Amino acid sequence: MKNLKRILCLALCLMLTLACLPAMAAGSVKIGVLVADATGAEALAFRAYYEKYIAKAYDVEFIYSEELKTADGEKDAIDNFIVNNCKAVISFSSVDRPAQIEQCETAGIYYAVATGTLTDEEYEDFKNYEHYVGAIGPSLNTEFQVGYNMAAYYIDQGMTKFGMFGGAVPYRTDMHIYRAAGMLCAMVDKGGEGAAYQGVNKPDDIIGMIYGTGTIETGKIGNLELLAYVGGYDFDDAWFGKLAQMAGTEGIEAILTVGSGVDVLGSFVAGSSVKLATVDSFTPAMGEAMNSGIIDYVAGKFATSIGPIFIATLNAVNGQPIRNEEGCALALDQGYWVATNAEQFAQYYAVDSSEENPAYSKDILDAYAPAGVSYEDFAAFVAQYSFEEITALKK
Amino acid sequence: MKKPSLIKSLLLSLLIPCAVLLVLEIIALAKGVRLFANTDSWKLFFRAVANVTLTTFALSVNLDSGRFDFSLGAVAMLSATIAGTLSQQWNMGPWLTLAVAVCVAAGLGLIHGGIYVLTRIPPIIVSLGMALFYEGCAFAFTGGKGVSLVTRMDIIGFSQIGNYILVTAVAVMLVVLLLDYTRFGANYRALVSGQKIAVETGIHEVGNALGCYVVSGALMGVVGFIGMANTGSQQMALNFGSIGIMFTAFLPMFIGGWIGRYINKRIGIMLGAVSMALISLAYARFDTASSVQSIISALLLVLFLIYLNNEFAILSKFRKKQGAKA
Amino acid sequence: MGKQTWKERIPAFASILGLMVLIAAYYIVGAIRDANVAYGLKAIVNQSVVVALVATGAVFIYTLGSFDISLGAATGVSALLGAMAYNATGNLLVMFLVCVGVAVVLGFINSSLASIFNLPIFVTTVAMMSVLSAFMLILIGWNGAGDTIKVKARDVRPLDNIPFKVAILAAYIALCWFVFTLLPTGREAKFTGGNPVCARLSGINEKKLGIIASLISAVGIGLGAFVTIIYAPTLTKDTASSIGMDVIIAIVFGGMPVSGGPRSRILSAVVGAFSMGFMTQIMSMLNLGSGYGQMIKAAIFLLVVFIALGSQRGKLLTR
């Protein structure tokens, strides 16, 4: 009984001590962040930008959810943010965006979408909600274009035999399906007369086919050929076997991946002449892989790309939401930075990862998106997302 | 009961892996695919044998004593993470990195066992807590970034058939030696078959349990390193994301138990792992969809268990039919 | 054998003491962090009720000394099929009946396989978990609407309220308590879990008990699936995936021995589920990083379990 009492007291003291520590470091404005991926390089880069730069620069506190895979998880996380008196939610999780928006509207807290967009129908439903800030991120058309440009880059170099890693295509994840469809459409467009993927050559039909089957079929696409395809994230022996098989397929010239290219295929293509292209983020490990020739093409959402949606959210919290003339919320597209050689990558990484002066620094955000900024000016600012444009803005 | 002859024992031991191989070769023939098409196929096969053998040993060394362990994957992940990070910082070669992974993993197993024996919490619960703790450790250790060794050709060059065979052979030998030819093993087997009596005869259960956790950890350290060397990276997992590896060990464990009637149980587990590796190879060669793989694997497990738990009844019926025909 | 003194009774209430400590910590941490603790209580009910429902039914299985790891996958499949049934018929009663019916069928399959073929129930549920998880992916593919199966939120919103969910939970707990405490089934289950050999020799039919336990548990799974749809009507392949682990943790937090037997209690599941809910809220308010947060969560988990199982330490190591 005595021991039990001691243990209970100890536990309580431990918790109280722990509770005090973050309270001392808390910012004046709490913003909840819904996270779909807690361990990926891109997600960690985003978090580092918010926690190591933005939180200090703007005296805000970010409260992160756990990794969310379900709609009830998203709902629970938003409830937790409300309990913590968050003034706004920035969402990287897209299982049920309409439900998230409704929940925030009911609770009277602001809601913003980062690195993504609503569908046209969803935007029409929610654009006039008082607490819906808007969405800034790559639209599905942009995702399609990323895949298209990736495939086109290699086809234009004369390559004809490809492999493809489909990532979350079997799970019907929109982003990966559109990237994969973009790759296939590039092959159809550049595959010569009569080129088609499984008998279809229109983007909508190809996208529909991928949604329907949940996979991508290998075969000829005009005078090009998709020799191998692997999808999913099984991480078992059979899956690694398929990846090794794809990398070792005779005649394969380039492997196009919708994401995680280095993590899943890096060791299998290392030392070979197979080119590896991926959609990923700018990290030191990616830079090393590019230097050593393992990865050849990286299309990345730069870490600080979530700066504009943050400042828009903060402006809304401070009573100055950015609305267009009809009073509608933001719906702005944002694209990727593409590095095709080590020098370019190093240049992008230096700007993207800087903790003192990142791409979207406080100076830039305050200069181009101050409180009261008009929709048009803000949209023009967000549209200048390429590396060269941002560098020019900083000057 | 008359013990079967050596030849008969060997034949019965090889029955399951040979039967699996035969069936898969027939399917491969029908599909116009070769099971062992090239070096990559052999590499996949031997890597799977190594992974499954070691994981099954790690699971069974505790499970046979009624101690469930969900933390195997977390131990593999954390030990590989620490070893990989040190390898990057100190430019350690593959064998030294492997040794560090094994030592770290053994230490993690010792901590796990220590918490179990001190708190007397049911082992399955301790393993859940330790799985969460080790996952969190690995994440905190690397800031969530994991380890990337993809440019280290020496580390990823470890992924050779010869190394997989060597690692598997050494692990099998050591485990057989430890559990069948040492006092530790004798005590272990006594505790498995009768815990109360064994303790009352003076067997030090706490020391034996700690030893089992250390062995289990060390084996998973090898698994973690093999995985990291294969992909050139170690990814992080949170919220029980690492526990899936444990479930791959059940079927080989039961197959090993059946084969163990004819030869040494640990060799039986290895042969069970060979059977599973052939199936994994077939999934890769036949490009089987993930959901189909899950269903087939689950069905195989259930069907084998149905046979195992009703073997006497099935064989009796079979013999009666034979008798009736005669 | 005399009456127990109050000191001897304390260990039986260790789990409730653990819950009270967590509630106290919740309020204290909430006060320091300036949190909306009243809203948090509502969030805790929402977050705990599904686990409480499934765990309450699972007590029957755990009491027998068995183990079911497929609870989450079964809840997920029941929810997906329930949602598809609603989309086809527009009828909430049909959705409810499909949720419970599918869960009962799955429970029956599990227990029948185990009893007819003498399979260890745990391994059967491991296999079932794989099959059901794969089936969820197939269902979503069949549905043909991307990576989710959705029920219109406005159709279920009237039911998404605390009184309704608490009423379902209370009714199910009452049913389970009645069966577990007042009917021979409960006593036989505790006897079987405590000493299977004696139970068998006393004439208790273990297989029949296993089937009954699975069916009662399945009702809880079906109710959990129904409440899941009401709460968050967009379902994915990962819906309810964490429930299997959450149930084990809840039952242990509630002070029930994992090996079952005479110390099993229906209310352990509810106490444990809400203990987990409070702990999750506390961790959220502490706002630690993912890695350190999980380490602290694990440490607190082991500490709470240590407190809740305080009286069950013997000479032999637990198995």
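Not measured: the values here are computed from a predicted model.

Some details on the interface of chain A and chain C
Part 1 of the argument: The interface is formed by 40 residues belonging to chain A together with 43 residues belonging to chain C.
Part 2 of the argument: A salt bridge links Lys297(C) to Glu66(A); its shortest N-O distance comes to 3.6 Å.
Part 3 of the argument: Breaking the side of chain A that touches chain C down by element, the ones donating at least two residues are α1 (2–25), β2 (60–67) and α3 (71–83) of chain A.
Part 4 of the argument: Tallying contributions element by element places α1(A) first for the side of chain A that touches chain C, with 12 residues.
Part 5 of the argument: Classifying every residue of the side of chain A that touches chain C gives 24 nonpolar, five polar and 11 charged.

A few points about unusual backbone geometry
Residues and elements named next belong to chain A.
Part 1 of the argument: Positive phi, normally seen in glycine, also occurs at Asp-59, with a value near 55 degrees.
Part 2 of the argument: We classify Asp-59 as partly exposed; its relative accessible area is 41%.
Part 3 of the argument: Even without glycine at this site, Arg-172 takes up a positive phi of about 60 degrees.
Part 4 of the argument: Arg-172 gets classed as buried once you look at its relative accessible area, which sits at 8%.

Quick word on the pattern of salt bridges
Pairing between side chains of opposite charge can happen when the charged atoms of each approach one another.
Part 1 of the argument: Across all of its chains, the model carries 22 salt bridges over all chains by this definition.
Part 2 of the argument: The partner of Arg47(A) in a salt bridge is Glu51(A), and the shortest N-O contact between them spans 3.3 Å. Of this pair, Arg47(A) and Glu51(A) both sit in helix α2 (residues 41–58), separated by four residues, roughly a single helical turn.
Part 3 of the argument: By relative accessible area, Glu51(A) is classed as partly exposed at 35%.
Part 4 of the argument: For Arg33(C), the salt bridge identified is with Glu61(A), shortest N-O distance 2.9 Å. With Arg33(C) in the loop between α2 (14–32) and α3 (37–63) and Glu61(A) in strand β2, this pair bridges two chains.
Part 5 of the argument: Look at Glu61(A) and you get buried, because its relative accessible area is 8%.

Some words on the domain arrangement of chain A
Residue and element names in this part refer to chain A.
Part 1 of the argument: Looking at chain A, the domain boundaries give domain 1 (27–138 + 304–334 + 360–394) and domain 2 (141–300).
Part 2 of the argument: Listed as interface residues are five residues of domain 1 and, on the opposing side, five residues of domain 2.
Part 3 of the argument: With both sides pooled, the region where domain 1 packs onto domain 2 buries about 420 Å², and carbon together with sulfur makes up 53% of that total.
Part 4 of the argument: The interface formed by domain 1 and domain 2 contains zero salt bridges.
Part 5 of the argument: At the boundary of domain 1 with domain 2, the tally comes to two residue pairs in polar contact (both at pLDDT 80 or more).

Description of the nonpolar core
Part 1 of the argument: Counting 324 residues, the largest nonpolar core has Tyr50(A), Phe310(A), Phe378(A), Phe70(B) and Phe250(B) as the members making the most contacts within it.
Part 2 of the argument: Take this core: its biggest share by element is 15 residues, from α3(C).
Part 3 of the argument: Counting residues domain by domain, this core receives three or more from each of domain 1 (27–138 + 304–334 + 360–394) and domain 2 (141–300) of chain A.
Part 4 of the argument: Of all hydrophobic cores here, the second largest spans 41 residues; its members include Phe144(A), Tyr154(A), Met159(A) and Ala277(A).

Analysis parameters
Residues numbered from 1 in each chain as written. Chains lettered and ligands numbered in written order. Predicted model: local features only at pLDDT ≥ 70, side-chain atom pairs only at ≥ 80, totals over all residues. Heavy atoms only, no water. Contact = heavy atoms within 4.5 Å. Salt bridge = Lys/Arg side-chain N within 4 Å of Asp/Glu carboxyl O. Helix = DSSP H or I, 4+ residues; strand = E, 2+ residues; numbered from the N terminus. Nonpolar A, V, L, I, M, F, W, Y, C, P; charged D, E, K, R; others polar. Buried < 20%, exposed > 50% of the residue type's maximum accessible area, 1.4 Å probe, protein only. Domains from an automatic or database assignment. Buried area = accessible area lost by both parts, 1.4 Å probe. Polar contact = N/O pair within 3.5 Å; in protein donor to acceptor, adjacent residues only side chain to side chain. Core = buried A, V, L, I, M, F, W, Y, C linked by side-chain atoms within 4.5 Å.

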